[in-house]
Amino acid sequence: MVNPATEGVVATIALGEQSDVDRAVAAAKAASVTFSPTTKEERLALLGRIIEANKVRLGDIAAAVSSEVGAPLTFAERAQAHAGLGHLMATAKALESLEFSEDTEPVGSNTNPSGCVR
């Protein structure tokens, strides 16, 4: 990866292979087993911990963004690094008002996370 502002190499990125995709899918399926039955409160608590960890690392995130896109560090700190945090906070807010539903028909509960490949 090249910083467009300095044209210096800042990182090397390895390309993924099919085996990497297979491992990621297997990990998502395994996580689904334990995550699907979690309550809204448990999910909110997890998001809260992720948000707090993100806040702690905002400086690191800004530095990475600055290197990746060549933006001045002050701009990355003030505008770009907070974008991910904003998305996490919006997700938590949306989850707060979400009503979980459980289907009582023989087909079972609707607990599959969106986007999980099966």
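Residues numbered from 1 in each chain as written. Predicted model: local features only at pLDDT ≥ 70, side-chain atom pairs only at ≥ 80, totals over all residues. Heavy atoms only, no water.

**Re the overall build of the protein**
- Counting its regular elements, the protein contains four helices and zero strands.
- Helices (α) and strands (β) of the protein occur, in sequence order from the N terminus, as α-α-α-α.
- Across the 118 residues of the protein, 16% fall into the buried class.
- Residue pairs at least 24 apart in sequence account for 59% of intrachain contacts in the protein once pairs closer than 6 positions are excluded.
- Total accessible area on the protein is roughly 8700 Å²; 59% of this is exposed by carbon and sulfur atoms. (Helix = DSSP H or I, 4+ residues; strand = E, 2+ residues; numbered from the N terminus. Buried < 20%, exposed > 50% of the residue type's maximum accessible area, 1.4 Å probe, protein only. Contact = heavy atoms within 4.5 Å. Areas by Shrake-Rupley, 256 points an atom, 1.4 Å probe, with all protein chains shown as cover.)

**Section: the nonpolar core**
- Within the largest apolar cluster, 10 residues are counted, these being L47, I51, L58, A62, V65, A76, A81, L85, A92 and L95.
- Of all the secondary-structure elements, those providing two or more residues to this core are α2 (40-56), α3 (58-69) and α4 (73-97).
- With five residues, the single largest contributor to this core is α4.
- Residues in contact with V65, not counting those within four places in the same chain, are G70, A76 and Q80. (Core = buried A, V, L, I, M, F, W, Y, C linked by side-chain atoms within 4.5 Å.)

**Some remarks on the packing of α3 against α4**
- The N-to-C vectors of α3 and α4 enclose an angle of 110 degrees; their axes lie 8 Å apart at closest approach. Classed by the angle they form, the pair α3 and α4 counts as roughly perpendicular. Considering how the two elements wind past one another, α3 and α4 form a crossing that is right-handed. For the pair α3 and α4, contact is made by L58, I61, A62, A63, V65, S66 and V69 and by L73, A76, E77, Q80, A81, H82 and L85, respectively.
- Considering only residue class, the contact of α3 with α4 consists of 10 nonpolar, three polar and one charged. (Axes fitted to C-alpha atoms, helices over the stretch in contact; angles between N-to-C directions. Parallel < 35°, antiparallel > 145°, perpendicular 65-115°, else oblique. Left-handed = near helix turned anticlockwise from the far one by under 90°. Nonpolar A, V, L, I, M, F, W, Y, C, P; charged D, E, K, R; others polar.)

**Examining the side chain of N54**
- Tracing the sequence through the fold places N54 in helix α2.
- If near-sequence neighbours (up to four positions away) are discounted, N54 is found in contact with I61, L85 and L88.

**Some thoughts on the side chain of N3**
- Topologically, N3 is positioned in the segment before α1 (18-35).
- Setting aside residues no more than four positions away along its own chain, N3 makes contact with G8, V10, S66, S67 and G70.

**A short note on the pattern of salt bridges**
- Scanning the model with the defined rule gives three salt bridges in all.
- Between D20 and R23 there is a salt bridge, and its shortest N-O distance comes to 2.5 Å. With D20 and R23 both in helix α1, this residue pair falls three residues apart, about one helical turn.
- Here R57 makes a salt bridge to D60, at a shortest N to O gap of 2.6 Å.
- A relative accessible area of 47% means that R57 is categorised as partly exposed.
- Residue classification places D60 among the partly exposed residues on the basis of a relative accessible area of 43%. (Salt bridge = Lys/Arg side-chain N within 4 Å of Asp/Glu carboxyl O.)

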